[in-house]
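One letter stands for each residue in the lines below.
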Amino acid sequence: MAVTDLVDLAVRNIRTGRFQRSLALATGIGSVITAAEIYLEHDRAGFGNRVMWWPVLLGPVGAVAGVAGALSPRAARTLLPVASASIVANGLQGTWLHVRGIAEKPGGWEMARYNIEMGPPLFAPLLMSMVGGMGLVAAVLRRESPDA
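Structural notes, computed from the coordinates. (Residues numbered from 1 in each chain as written. Predicted model: local features only at pLDDT ≥ 70, side-chain atom pairs only at ≥ 80, totals over all residues. Heavy atoms only, no water.)

Focus: the packing of helix H2 (residues 18-44) against helix H5 (residues 79-104)
And step 1. Direction vectors running N to C along H2 and H5 enclose 30°, while the axes themselves pass 12 Å from each other. The angle between H2 and H5 falls in the class roughly parallel. Handedness of the H2/H5 crossing: left-handed. Across the interface between the two elements, Ala 24, Thr 27, Ser 31 and His 42 of H2 pack against Leu 80, Ser 84, Ile 87 and His 98 of H5.
And step 2. Here the contact of H2 with H5 is built from residues that sort into three nonpolar, five polar and no charged. (Axes fitted to C-alpha atoms, helices over the stretch in contact; angles between N-to-C directions. Helix = DSSP H or I, 4+ residues; strand = E, 2+ residues; numbered from the N terminus. Parallel < 35°, antiparallel > 145°, perpendicular 65-115°, else oblique. Left-handed = near helix turned anticlockwise from the far one by under 90°. Contact = heavy atoms within 4.5 Å. Nonpolar A, V, L, I, M, F, W, Y, C, P; charged D, E, K, R; others polar.)

A short note on the pattern of salt bridges
And step 1. Per the stated rule, a full pass over the model turns up three salt bridges.
And step 2. In this structure, the salt-bridge partner of Glu 117 is Arg 113, at a minimum N-O distance of 3.7 Å. Taken as a pair, Glu 117 and Arg 113 lie in helix H6 (residues 112-118) at a separation of four residues, close to a single helical turn. (Salt bridge = Lys/Arg side-chain N within 4 Å of Asp/Glu carboxyl O.)

Thoughts on unusual backbone geometry
And step 1. Even without being glycine, Phe 47 reaches a positive phi, approximately 45°.
And step 2. Of note, Phe 47 is situated in the loop between H2 and helix H3 (54-71).

Considerations on helix H7 (residues 124-140)
And step 1. Between its first and last C-alpha, H7 extends 25 Å over 17 residues, near the 24 Å set by a 1.5 Å rise per residue.
And step 2. Where H7 is buried, its residues meet H2, H3, helix H4 (73-77) and H5. (Expected span 1.5 Å × (residues − 1).)

Description of the side chain of Thr 34
And step 1. Along the chain, the position of Thr 34 falls in helix H2.
And step 2. You can call Thr 34 buried: its relative accessible area is 10%.
And step 3. In contact with Thr 34, other than residues within four places in its own chain, are Leu 127, Met 128 and Val 131. (Buried < 20%, exposed > 50% of the residue type's maximum accessible area, 1.4 Å probe, protein only.)

As structure tokens, this is what we get:
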């Protein structure tokens, strides 16, 4: 299958609404995987701040919303965007907290290369925001009609 065939297939799936269900389900799966990774990293840090639990708790919320959004058009319009927006907001908050955490390390941003490698992972919270963003996109995409 050529690349142009794959692009045509993707465009057709978006136009017919099939992609919406797949993206909602991918949001649910991504939420579980991301929350598990966050749990392991925050556990390694001893959950030193209560806010570190928020992304772990939002993982199951995103999973339920993603699966529900894949199964129900109503959940895709109501539950999925609310859960996804919460995940995006928490990911952005986490990015800010990680930037602040790097700045608070000895040497701060003056030793950026070292502190970015040894401090809180700078881009990891953005992965969570990306998972939430997938859910937001899924919530606004056209839904596959039952007779398609």
